[in-house]
Amino acid sequence: MSNGLAPRLRRPSGYWLYLLPIFIGFLAVVGIPFGTNVYFSLFRWKGGAAPMRWNGLDNYATLFADVEFWTSLRNSIFMVIAMVVIPTVIGLLLAALLTETIGRRFGPRIASFLRATYYLPQILPIAVAGFMWSWILDPSNGAINSFLQSIGMGGPDWLGNPDLAIYAVMLMLVWLQIGYPLVIFMAALSRVDPELYEAAALDGAGKWRQFLAISVPTIRPEIFIVVLTATVAALKVFAPILILTGGGPEGSTVVPSYYAYRNFFELSQVGYGSAISTVMALVIFAIAALMLWWQRRQETI
Amino acid sequence: MSATQTREKVRLTPTPTQTRAQRRKPSEWVLLTVAVIAGIAILAPFGLIILNAFKSTQDYSSHGPLSWPTSLSIDAFINYLGRVNFGQAFWNSLVISLLVAAIAVVLSLMSAYPLGVGRVKANGIVLAVLLVATMLPHEALIYPLFYGAQATGTFNTVWSVIIVFSVLQAAYGTYLLASVMGAIPEELIEAAQLDGASRWQILWKVLVPILRPSLSVLVVFFFIWTWNEFYIPVVLLADQSSQTIPIALATLRGQHNIDITVLNAGSLMSLLPTLVFFLLFQRTLVRGVAAGAVK
C-alpha cells in the first residue's frame, strides 16, 4: 500500500510553491540589492540624482592602493582577536569551570546564574552597549579614569590615543562577546559522560589534562561553529566603531564596514562605498568557505 | 532525645549537597571566587549606569561617576523624556519586532517544509544560498535598500525595516527548521497523507505542534535580534516618528550639550525592555543558542 502511494505523494513538484514567498523576498531584499551594489561599484557616483559615470574596475584599482582600506582590513584582524580568539579561549575555560567544578561542587543553580550573568551583554542593544562604554572609557569623567585617579594614578585617553583606541574597542568587544561561546560550550559539555572524567582521574590525570583530553575534543564541532560564526561577525563589526570612535583617532580604528558607511553617507562616494562593501562580502565568503572546507577535510581524515 | 535521633539519621543518609560540601577543596573555592569576580566585572557597567542615572547634574560633576548619589534624582529621566519621544520609539520597536518575529517564523516554516520534509531536488543549493544571505554584510545591501525604500514609499516607515528583517531572519530560520524537520520520521507524514490530509494541513496540523519548541526559540530570537538591530534601521529610519529605541538613543548622542546623567538615564530606559525580556525568556534563549550551534 505505502509503496503504491509513496511515489505519488512524495512527488516534489507541489512543494516548490512553499518556497515562493522566501524566493520573492530573497530577490527583493538580498539578490537584487546585492547585484545592484556590485553594479554601483562600477561607477563614479555621488548618489541621489547626481550623474553616474562609468568607471569600470577603477574603484577596485583605487581600493587596492588605498592605505586606509588596508588599515581597515588590518583592524579586522584585531576584531577577530577580540571577538573570536579571546572569547573562545576564555569561554572554553569558563564553560569547563562552570560545568565541571562549580556546577558539580557548588550546585547547578550557581552555575546557571553565572551563565546568565556572562550572557547578559549579548542581548543588549549594541547602541546602548556603545554608550555605556564610551562613557566608561571617557578620559576626564569616565568610570575607569575616575577610579585610577582615586588611587592616585592618571589614566590615559583610551579612545583618543591612536595607539590605544583599538585596544579599548577590543576590551568592549570581549565583554560583549564572552557569553556566546560560553553558553554554547556549556550546553555541549553536558554531553560528556561524567564517568570519563572519573576514569581519567583514577588514572591520575589532573583537571587540566582532563580538560585537554576529554572536554575539548568532545565539543570540537561546537568550537568550530563558534569560531566560524564569530569570525563572520567580527569581519562585519560596525556599530561599536561608529559609536565609540567614529573610526578615529587618525583612522586608527577604521574597519571595512565603517569605511563603506563613511563613503556612502558622509563622503558621497557611493560607487567607492559599493566597491568596498562588495570586496568585504567576497572576503567574508572566502574566509567562511575556507573554514568550511578545512572542517570537511578534518572530518574525512 | 528523639530530636538527636533524627539528627543522627539525617547524618547517616547524607543528601547530595552535604557530600558535595564535604568534598569541597580550597582550590575549588578559589575557582568559584574567580568565576564570581568575572561575573561582577561583566555586571559592573550596568551597575555604573544605574548609579549615575539617578544623580543630579551637580552631584555628578562635583563627586564624579563612582560616588554614591547624595540624593535620589529623577531629573535625568525627565530630561531624556523631554528630548526623545520614548513612547513612540517603544511602540515602533515593539511593532517592528513583533511583526518580524511572526512573519519570519511563518516564512521559515513554509520554506523549510519543502527542504526538510519534501526533500525537493536542489535543496542543498537553496540552503547554501540562504546561508550566504545570513553572512552577507548589510553594507553590501544598504544603498540599494535605501533606494528601494524611497522608491516604494516605505522609507521612514516601520515597513521597510519589517520587510527587510523578515526575509533576513527567515533565511536563518529556514536553515534551522529544515534540519529539525529532516529528523521527523517519514511514517508520520505518510500516515497523515493516508488519512487524507493535504500538504497544507500536514504542515499546520501535524508539523507545527511537533516543532513548537523550535518555533518558540525562533520567535524569541527573531524578536530580540530585530529589537537590537542598528545598521539598517539607522539608515532607513531617519525620521524621529519611525525610530526604534536604540536609534533614538543613538541620535541623541550627537547633541553635544547633553548631560552624562541624561545619557545614563536614556541608556537605562533603553535597556530595561531588553532586560525584562531576558529575564522572562532566559531559558529559551540559552536553549536556542545551543540548538542553533548543533543543528
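As the structure is a prediction and not an experimental result, all values here were calculated from the model.

Colleague: What's the story with the overall build of chain B in this structure? I'm lost.
Modeller: Assigned secondary structure in chain B consists of 14 helices and zero strands. Reading the secondary structure of chain B in the N-to-C direction produces α-α-α-α-α-α-α-α-α-α-α-α-α-α. By the burial criterion, 51% of the 295 residues in chain B qualify as buried. In chain B, of all internal contacts separated by at least 6 residues, the share reaching a separation of at least 24 is 77%. For chain B, the exposed area adds up to about 13800 Å²; of that, 66% sits on carbon and sulfur atoms.

Colleague: Explain unusual backbone geometry here, please?
Modeller: A negative phi angle is the norm for most residues apart from glycine, just as the trans form is the norm for most peptide bonds. For A:Ser268, which is not a glycine, the phi torsion comes out positive at approximately 55°. With phi around 45°, B:Arg119 is a residue other than glycine that occupies positive phi space. Along the chain, B:Arg119 turns up in the loop between helix 6 (86-117) and helix 7 (123-135). B:Arg119 gets classed as partly exposed once you look at its relative accessible area, which sits at 41%.

Colleague: Sorry if this is basic, but what is going on with the domain arrangement of chain A here?
Modeller: Interface size is often expressed as the accessible area that is lost when the parts come together. Residues and elements named next belong to chain A. Here chain A is partitioned into domain 1 (2-41) and domain 2 (59-300). Summing the contributions of domain 1 and of domain 2, the shared interface buries around 510 Å²; its carbon and sulfur component is 55%. Looking only at domain 1, the three residues that lose the most surface to domain 2 are Phe34, Asn37 and Ser41, adding up to 77% of its buried area. Where domain 1 meets domain 2, there are zero salt bridges. Inspection of the region where domain 1 meets domain 2 yields five residue pairs in polar contact (both at pLDDT 80 or more). Considered class by class, the residues forming the side of domain 1 that touches domain 2 number three nonpolar, two polar and no charged.

Colleague: Hey, could you run me through the interface of chain A and chain B in this one?
Modeller: Listed by partner, the interface residues are 87 residues for chain A and 90 residues for chain B. Each partner contributes to the roughly 8000 Å² buried at the junction of chain A and chain B, and carbon and sulfur atoms together form 78% of this total. When residues of chain A are sorted by the area they lose upon contact with chain B, A:Tyr15, A:Tyr18 and A:Arg105 head the list and together hold 11% of the total. The interface formed by chain A and chain B contains one salt bridge. Linking B:Glu28 and A:Arg105 is a salt bridge whose minimum nitrogen-to-oxygen distance equals 2.8 Å. Put simply, chain A and chain B have 10 residue pairs in polar contact (both at pLDDT 80 or more) between them. The greatest single-element share of the side of chain A that touches chain B, amounting to 15 residues, is contributed by helix 2 (residues 16-40) of chain A. Looking at side-chain class alone, the side of chain A that touches chain B contains 65 nonpolar, 15 polar and seven charged residues.

Parameters at a glance
Residues numbered from 1 in each chain as written. Chains lettered and ligands numbered in written order. Predicted model: local features only at pLDDT ≥ 70, side-chain atom pairs only at ≥ 80, totals over all residues. Heavy atoms only, no water. Helix = DSSP H or I, 4+ residues; strand = E, 2+ residues; numbered from the N terminus. Buried < 20%, exposed > 50% of the residue type's maximum accessible area, 1.4 Å probe, protein only. Contact = heavy atoms within 4.5 Å. Areas by Shrake-Rupley, 256 points an atom, 1.4 Å probe, with all protein chains shown as cover. Domains from an automatic or database assignment. Buried area = accessible area lost by both parts, 1.4 Å probe. Salt bridge = Lys/Arg side-chain N within 4 Å of Asp/Glu carboxyl O. Polar contact = N/O pair within 3.5 Å; in protein donor to acceptor, adjacent residues only side chain to side chain. Nonpolar A, V, L, I, M, F, W, Y, C, P; charged D, E, K, R; others polar.

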